[in-house]
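Given next are the chains, with one letter for each unit.
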Amino acid sequence: MSKQNRGPCYQVAERNCPALRYMVWPKLSSFPPTWVCVSVSISWLVTPSSRRDPPTSLPCAQAAPPPVGTERCPRCPEPSLLLGPPCPAAPGLPGLPTGLRWLEVPSVSTPEPGPPAGRQQEQRGTSAPWPPAMSSWRYLSPRLSWKRIMSIFFLPLISSGFAPRAKYKEKENLPVREAGPQLHQSRFNWSHLTPLELKDRTVGLQTQSTPESNPHFTLEGHKFLIFGGSIHYFRVPRGSWRDRLLKLRACGFNTVTTYVPWNLHEPQRGTFDFSGNLDLEAFVWMAAEVGLWVILRPGPYICSEIDLGGLPSWLLQDPELRLRTTDKGFVQAVDRYFDHLMARVVPLQYHQGGPVIAMQVENEYGAFAKDRAYMPHLHKALLNRGVVELLLTSDAENDVLQGSIKGVLATININSFQKNTFEHLERVQRDKPIMIMEYWVGWFDTWGGKHMVKDADDVVKTVSEFIKAEISFNTYMFHGGTNFGFINGATDLGEHSSVVTSYDYDAVLTEAGDYTKKYFKLRKLLGSVLASPLPPLPELIPKAVYPSVRPSLYLPLWDALQHLDEPVISSAPVNMESLPINAGNGQSYGFVLYETPICARGWLRAKVRDTAQVFLNETHIGTLDGGNQNLRIPKVKGCQLLRILVENQGRVNYSWKIQDQRKGVTGPVTINSTPLEGFTIYSLEMKTSFFDRLRSAAWRPVSNSSLGPAFYLGTLKAGPSPRDTFLRLLDWSYGFVFINGRNLGRYWNIGPQQTLYLPGAWLHPEDNEIIVFERSKSGSSLQTTDKPKL
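Residues numbered from 1 in each chain as written. Predicted model: local features only at pLDDT ≥ 70, side-chain atom pairs only at ≥ 80, totals over all residues. Heavy atoms only, no water.

A.B. asks: So what exactly am I meant to see when it comes to the packing of aromatic side chains here?
C.D. replies: Note on aromatic pairs: each is described by the distance of the centres and the angle between the planes. Going through the model one piece at a time under the given rule, you end up with 49 aromatic pairs. Look at Tyr337 and Phe338: their rings are 5.9 Å apart centre to centre, the planes differ by 40 degrees, and that puts the pair in the tilted class. The exposure class assigned to Tyr337 is buried, which follows from its relative accessible area of 0%. Under the relative-accessibility criterion, Phe338 is labelled buried at 0%. Note on Tyr365 and Tyr374: the rings are 4.9 Å apart at their centroids and 40 degrees apart in plane angle, and the pair reads as tilted. The aromatic ring of Tyr515 is capped on one face by Lys247, whose charged end is 5.0 Å from the ring centroid. (Phe/Tyr/Trp six-rings, centres within 6.5 Å; stacked < 30°, edge-to-face > 60°. Buried < 20%, exposed > 50% of the residue type's maximum accessible area, 1.4 Å probe, protein only. Lys NZ or Arg CZ within 6 Å of the ring centre and 35° of its normal.)

Encoded structure:
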């Protein structure tokens, strides 16, 4: 509200009403001056207990004769000492007594109190006072007394306790409340701050703090709020990248954030893969073309519900190596990876004409915090390799004290906006803008659990609070995508639980990139605070329902062994990561089959990770897992072949338990406490090359129902123009689906996920090869649907 509208006594309503502004005297120099006149007869306000601060204007007492030596303010029945020349807030007021002057005092920039929504029109159209019930406010009489005179002298001491808070202080304890119809009197205008428009670049993303304003970000010197959304390029088919980025931009966001998975980019030591769906540079430049800035989160650890938190499994070959520390072996591996990665990333930075405005140092180290020297080492490693953009850390709100480092902006990850959300962050940094690096708009699912959802109205309410408090934020996830192949991670809160194939996350866009209630509500909210109109909505990607697929051929696992690579011969079992395959890098994912002859019955004991089927020859006799390491072997005739098929269901991606995530058989195998020897070990990574060889196998016609691990072959007829669809395996048990050699991921009849997303970009016109690896009992057919069931 301008000075002209306030009146001589900080008048708010256009009616006779004096006001007294309580001021924070210790901080006079922090605020711009404004004019007020101070009443001698202090109307001392006692507010209801539910309010912390008094309003900025107080109701008048009834008119009373002015004391001797005073003049009455023409717009106020209260006797006042008028200080100074004519009131600048009320043009036309008469001159004041000689020797008196107007007093300049600071004004705390807080909204003026007023009627709640629905009452504003009533106040403007009538002369009814606000608040309507004066009995809710207690004040003293207007008569002059020694107590009131003394109040003037003590006002500087006592008024600070009633002062409205500055905005930044309010942000620290801002309660979650319903968003109003209008968040800002002026809208944000960043139309000139896009990668395409901003050609002359000298100053990238920075933080700024001045006495006149809250700490905030600037981009090229202009005040800037980050409206970010997470999209992981490695979880989205490359052909769909542009669609997802356009939808992010059309929703009102200005930044995309993504993790960079080390395990996918360096599957073997010194062998790097940035091709196809892992083409990071292509994704970043595509974001720039769409008009989005980029924040990269290169790890080396990323969590992200991905296997081992994004660390390559070959690190586990050394049992003495300590992950996420300055252990020599780990640091050397990180340095080699960063040498290659940063050579690709540095040219993508803002100062070199790219869209990358910030990068994150590691990820959520505060929850790990095993080595105080580790984070500073990574910080230095990025700087030494040419990273010049803003660096930040990211931790849960309660872990930020352990995860932050000097010289790097600390950000936090939250599920909801509470009063004490910034309590720990404030102890780390007080003069920096607040950034929510992950606002979780949903959550991931695990097999055997329930599908996690979050109410759209709660999400919009929280985001509106961010905007009102001018807090930068990143929605995690804007679009989750899919854990294709074997890349899913796992949790271990006393029991190993695998993350499901879908990474839908109940995000703003669905797993297949479709709009949700969250999307439309957020688009409406962000559109209301942006000065420029939002881009038009991209069209929906059409879905299709194809004829059901009835597999016609199957191949038992035992018949497929001859088409695998040469097995490993070992006197004792070897865990998956330590197998002497893949140029000495071991096996990362999939299954391992251990075979050895036995000639006696008794108790079998084997430590396996994560789950194992046990066979005598081709007959299934039981299962082993982390909670069950013993199995009774029945009486055998002569000597038979003991077979143990072990599956890696996903390595834990969070907590110190990542240190102990070796898979397969991880210890001796004994019968009646006698160790078994002489193992033949087959690696079943199920790579594309394996399926190429499998086409020449002697497939058998499918019977009505088949038991045991086997491959099932069928054909999906997609027509001339393939589209996205979802597979349903209604009467199947557990396994994986491969379409034209691509691994769509795991299905499991325990749920919650019941469909597998099949991108149209991975289908050929007309006929498509489908191979199902079923671990136990096969179904009759595979159906498709145009709607997911998660």
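On we go from here.
A.B. asks: Which parts of the structure should I look at to understand the sheet that holds strand S23 (residues 619-625)?
C.D. replies: For sheets, the rule is that strands pair by backbone hydrogen bonds, running either parallel or antiparallel. As summarised here, the arrangement of the 6 strands in space is S19-S28-S20-S25-S22-S23, forming an open sheet in which the pairing is antiparallel. Taken across any chain shown, the strands that pair with only one partner, and hence form the sheet edges, are strand S19 (568-570) and S23. If you compare each strand with its neighbour and ignore which way they point, the axes differ by 20 degrees on average. Direction of pairing for strand S22 (residues 611-616) relative to S23: antiparallel, over a ladder of 6 bridges. Across the sheet, the residue bridging to Gln613 is Thr623, located in S23. (Pairing = 2+ DSSP bridges. Helix = DSSP H or I, 4+ residues; strand = E, 2+ residues; numbered from the N terminus. Axes fitted to C-alpha atoms, helices over the stretch in contact; angles between N-to-C directions.)

A.B. asks: Explanation requested: the layout of surface pockets in the structure shown.
C.D. replies: The rolling of a water-molecule-sized probe over the atoms marks out the regions of remaining empty space. Roughly 1,200 Å³ of internal volume is contained in the second largest pocket. Those elements that place two or more of their residues in the lining of the second largest pocket are helix H5 (262-265), helix H14 (688-694) and strand S33 (742-748). In the lining of the second largest pocket, the residues fall into 13 nonpolar, 16 polar and 7 charged. (1 Å grid on protein atoms, 1.4 Å probe; cavity = no way out; pocket = protein on both sides within 12 Å on 5 of 7 lines; lining within 4 Å. Points joined across faces, edges and corners; volume = space filled by probe spheres on them. Nonpolar A, V, L, I, M, F, W, Y, C, P; charged D, E, K, R; others polar.)

A.B. asks: Mind showing me how you'd approach the packing of helix H7 (residues 328-345) against helix H8 (residues 374-384) here?
C.D. replies: For any two helices packed against each other, one specifies the inter-axial angle together with the distance between the axes. At a closest axis distance of 11 Å, the pairing of H7 and H8 adopts a crossing angle of 25 degrees. One element, H7, and the other, H8, form an angle in the roughly parallel class. Viewed along their axes, H7 and H8 form a crossing whose handedness is right-handed. Counted together, Phe330, Val331, Val334, Asp335, Phe338 and Met342 of H7 and Tyr374, His377, Leu378, Ala381 and Leu382 of H8 form the full contact between these two elements. A per-class count over the contact of H7 with H8 returns 9 nonpolar, 1 polar and 1 charged. (Parallel < 35°, antiparallel > 145°, perpendicular 65-115°, else oblique. Left-handed = near helix turned anticlockwise from the far one by under 90°. Contact = heavy atoms within 4.5 Å.)

Don't take any of this as a statement about function, it's just geometry.
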